[in-house]
Amino acid sequence: MKNYAYGFPRLGKCREFKKSIEDFWEGKINEKQLVSLLNAVEEERICFYKEYVDAFPLGEFTYYDNILDTALIFGVYNFKNFETYFNYARGKNTLELKKYFNTNYHYLVPSIENNFEFKLSWNKPLFYFKTFFSFKDDPVFLIGPYTFLRLSRLNEDFDKAFERLCAAYKKLLGELKNNHVHSIHLEEPAFCLDVTKKDIKSIVSNYKKMIPSGLNINLITYYESVDFLPHLYELPVSGIGLDFIAGEDNIDILKKNGFPKDKKLICGLVDGRNPLRSNIEEKVKFLELIKRVSKLSEENIIVSNSAPLFHLPVTLDNEENLDDNIKSKISFAKERLYEIKLITQFCEGKTKAARKWSSKVTSGLRNNIVKKDFDTLSLLPKNYTNRKKLQQKILNLPLFPTTTIGSFPQDKELRKVRFGFTRGNVSLHDYDNFIRAKIFNFIEKQEEIGLDILTHGEFERTDMVEFFAQRLKGFITTQNGWVISYGTRVYRPPIIYDEIKRERPLTLKETFYAQSIAPKPVKGIITGPITILAWSYNLRSSPLCMISFELAHALNEEVKNLAQNEIKIIQIDEPAIREFAPLKKRKKGFYFSWAVRSFNIASRLSPEVQIHTHLCYSEFSEIINWIKKMNFDVITIEAAREGAKITNSFKGVKFNRAIGPGVWDIHSKYPADDKVIRGVLDKSIKIFGPKNVWINPDCGLKTRKWEEVETSLRLMVKIAKIYRNKFKNRTI
Ligand code: GLN
Ligand code: ZN
């Protein structure tokens, strides 16, 4: 039996990818040096593959993002040199970042003009094939046309653009074939979304035209099951890759439809997204099942990973501080390659190494949900009008209250002190004092600017999820478990491994201190259960919803503790609630029912305390009815970039609570703008009424410079005063 792997992380064992590119941006190295450094990273990546698997794609490497690269390949943008290249990511022409399906990886969103003629303008795959190939059968990596177009911004009819794009793919594939490429690794994760009948028709007809005869295509899908799988059987492809982890329905689809004898089935067996170590015997049993239902012979079955491996850190080898017992339950990317090899060996009768490898892993299967537990949790919204009255008596807020989303700029000095503290060079006492001084300083600043609701600034938090994971029981955090979030930005997902409990306060110390020195109310800020869950790995077999409820209860203890200590407003951030939703419509209802319940458990509190929530985006028409079931009094969302969007989402829904539409796009390079602020306010006042509108930036200010923050906040406060005057005597 053969094996195959794809998507191995490009970060490098010691984050060389990040360092080289950032050095280039800072002018420390030139283009030539950058290319040679990154080629070395790529060679190392290829070595990992070669050590463990029979085949893997060439050309998966990118200097920033593969969706951007696909846009460059087909002439949507121009690739002249690295300066123009990186300009799409961080310069003048920056493209919008969006989450890649329901993962934490962000891609750059290409914008396709109407009637755009796609043309082959950069043969990136051929370049990688020529530079790195060792066997002529090495498949060459490409993102598929359907996925590329579904992820792009498009204003015209999908069908027409798709046809033109496939014509350009045909040209590319032809050119690759003429240059002795034999196989293509074509990724179409968008086949796992809800695909309409019309789209299926056009996929089938265009794919048939697009693929030249004599070229082997491995069509790879991942992140879910393919509902229209039998239609793919008609395509002139030589292999189909299926995700048997997230795509739990794939096995039933196979049972029902079998699998064509003339194609290979690339079985995504080891998890590309979550590092729970594989139980090799269990995997082999599953493989037997696949063999039975597909009726395929051994040579047509290939063992592989379920999704690109870049969602995992490079290797466990870098983790020196992890407890051995926990370590033996984890696999990162390199270990996944080893598992793929173990599965193939096991099938050949070599079982010893496999048994040893999974001796500590009990099972990779999830337990069922205990329905009884689920039903007892209430989803009922509260009486918001009464709550508002009660809270207003305590808070005595003016019209258009001003506030921020929580964090204030984290500068070099802060990072240096924190680094010293984690290294043990700065004592806890000194670190605490440093953070206190920061809080003191920023409370004074906010007070002087004239904000109505203050925050402590979140200086003690590196990352809004890792911070909580380090303080809650049931999580571990890694030393070097970095994964790319976008471009060169990396983060370390914490790992849930045991029952989650709060054994000590999480945020109380800093929040309480801030309130004790502030003349105005300080808003307590915590990260919500869904966001913590979404941005963490998980080794437990309990159903996700149960883990989420556990987390919610732990956070609720914190919320109560804050309330007992004079905190009158608490914000629960849930930027991940939308992205964590399943890809298929039929699964969304169940997800949102437990996600909303989790939020409501976390926010359960006597009505005097005002609950805020922050969602990082502006577009949620599809999920607005679920958002309405969340128990909060004030919601802050992004609105500055495309002010009109909020109107769409809230059109026709009765929303009797307050909203803080972001008036300053903190992701842009510019400070807040008078016109934009007024535009957002005018629109929001029309929809929600002047008594229900807050004024705040789009998101946290952690990454901004203080100077821009100061001017922008002053402008916000100034305009708030003008609007208060304007609406003084009006009631709507
Ligand atoms: N409270 C967080 C901050 O201000 C919110 C960030 C987020 O939602 N992404 O940084
Ligand atoms: Zn945000």
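Data block above holds the structure.
Below is a summary of the structure that appears in this document. (Residues numbered from 1 in each chain as written. Chains lettered and ligands numbered in written order. Predicted model: local features only at pLDDT ≥ 70, side-chain atom pairs only at ≥ 80, totals over all residues. Heavy atoms only, no water.)

## Some points on empty space enclosed by the protein
Argument step 1. The tally for this structure, following the rule as stated, stands at four cavities of 30 Å³ or more.
Argument step 2. The calculated volume of the largest cavity comes to roughly 200 Å³.
Argument step 3. Taken together, 18 residues form the lining of the largest cavity, with Arg10, Glu60, Asn66, Phe141 and Phe310 sitting closest to its centre.
Argument step 4. Listed by contribution, the elements that provide at least two residues to the lining of the largest cavity are helix H3 (66-73) and strand S5 (139-143). (1 Å grid on protein atoms, 1.4 Å probe; cavity = no way out; pocket = protein on both sides within 12 Å on 5 of 7 lines; lining within 4 Å. Points joined across faces, edges and corners; volume = space filled by probe spheres on them. Helix = DSSP H or I, 4+ residues; strand = E, 2+ residues; numbered from the N terminus.)

## Quick look at helix H13 (residues 333-347)
Argument step 1. Here H13 spans 22 Å end to end across 15 residues, near enough to the 21 Å set by a 1.5 Å rise per residue.
Argument step 2. In terms of burial, H13 is largely enclosed, as eleven of its 15 residues are buried.
Argument step 3. The inward-facing, buried residues of H13 contact strand S1 (2-3), helix H2 (31-52), strand S10 (264-270), helix H11 (280-294), strand S11 (301-305) and helix H14 (352-357).
Argument step 4. The first or second residue beyond H13 is glycine 349, which carries a positive phi of 95°. (Expected span 1.5 Å × (residues − 1). Buried < 20%, exposed > 50% of the residue type's maximum accessible area, 1.4 Å probe, protein only. Contact = heavy atoms within 4.5 Å.)

## Some points on the pairing of S10
Argument step 1. Among the seven residues in S10, six count as buried, and that is most of the element.
Argument step 2. The pairing of strand S9 (residues 239-243) with S10 spans five bridges and is parallel. When the sheet's bridge partners are listed, aspartate 243 is paired in S10 with glycine 268.
Argument step 3. In this fold, S9 hands off to helix H10 (residues 250-257), which returns the chain to S10; that crossover is right-handed.
Argument step 4. With respect to chirality, the unit in which S10 leads through H11 into the neighbouring parallel S11 is right-handed. (Pairing = 2+ DSSP bridges. Right-handed = clockwise from strand over helix to strand, strands pointing away.)

## A short note on the packing of helix H22 (residues 544-564) against helix H23 (residues 585-602)
Argument step 1. Two elements in contact, H22 and H23, have axes separated by 7 Å at closest approach and are oriented at 20°. By the angle between their axes, H22 is roughly parallel relative to H23. Judged by the sense of rotation from one axis to the other, the crossing of H22 with H23 is right-handed. Judged by residue contacts, Leu544, Cys545, Ser548, Phe549, Ala552, His553, Leu555, Asn556 and Val559 of H22 engage Phe590, Trp594, Arg597, Ser598, Ile601 and Ala602 from H23.
Argument step 2. Among the residues making up the contact of H22 with H23, the classes are represented as ten nonpolar, four polar and one charged. (Axes fitted to C-alpha atoms, helices over the stretch in contact; angles between N-to-C directions. Parallel < 35°, antiparallel > 145°, perpendicular 65-115°, else oblique. Left-handed = near helix turned anticlockwise from the far one by under 90°. Nonpolar A, V, L, I, M, F, W, Y, C, P; charged D, E, K, R; others polar.)

## Re the pairing of strand S13 (residues 483-486)
Argument step 1. Strand direction decides the pairing type here: S13 and strand S14 (residues 489-491), joined by three bridges, are antiparallel. Of the residues in S14, the one forming a bridge with tyrosine 486 is arginine 489.
Argument step 2. Counting the residues in the hairpin turn of S13 and S14 gives two residues, including glycine 487, whose phi is positive at 50°.

## Points about the environment of isoleucine 21
Argument step 1. Its location among the elements puts isoleucine 21 in helix H1 (residues 16-25).
Argument step 2. In this structure isoleucine 21 comes out as buried when scored by relative accessible area, which is 0%.
Argument step 3. Along the backbone, isoleucine 21 and tyrosine 64 are 43 residues apart, and their C-alpha atoms lie at a distance of 9.1 Å.
Argument step 4. Discounting chain neighbours no more than four positions away, the residues touching isoleucine 21 are Leu34, Leu38, Tyr63, Phe86 and Thr488.

## Describing the site of ligand 1
Argument step 1. As a structural note, the neighbourhood of ligand 1 is formed by Ile405, Gly406, Ser407, Glu458, Met464, Ile525, Asp573, Pro575, His614, Cys616, Cys699 and Gly700.
Argument step 2. A distance of 2.8 Å separates an oxygen atom of ligand 1 from a polar side-chain atom of serine 407.
Argument step 3. Aspartate 573 places a polar side-chain atom, nitrogen or oxygen, 2.7 Å from a nitrogen atom of ligand 1. (Near = heavy atom within 4 Å. Polar contact = N/O pair within 3.5 Å; in protein donor to acceptor, adjacent residues only side chain to side chain.)

## A look at the packing of H11 against H13
Argument step 1. Contact pair H11 / H13: the axes reach a minimum separation of 10 Å and the direction vectors enclose 65°. The way H11 lies across H13 gives a crossing that is right-handed. On H13, the residues touching Ile280, Glu281, Lys283, Val284 and Leu287 of H11 are Glu339, Leu342, Ile343, Phe346 and Cys347.
Argument step 2. Looking at the contact of H11 with H13 residue by residue, the class counts come to seven nonpolar, no polar and three charged.

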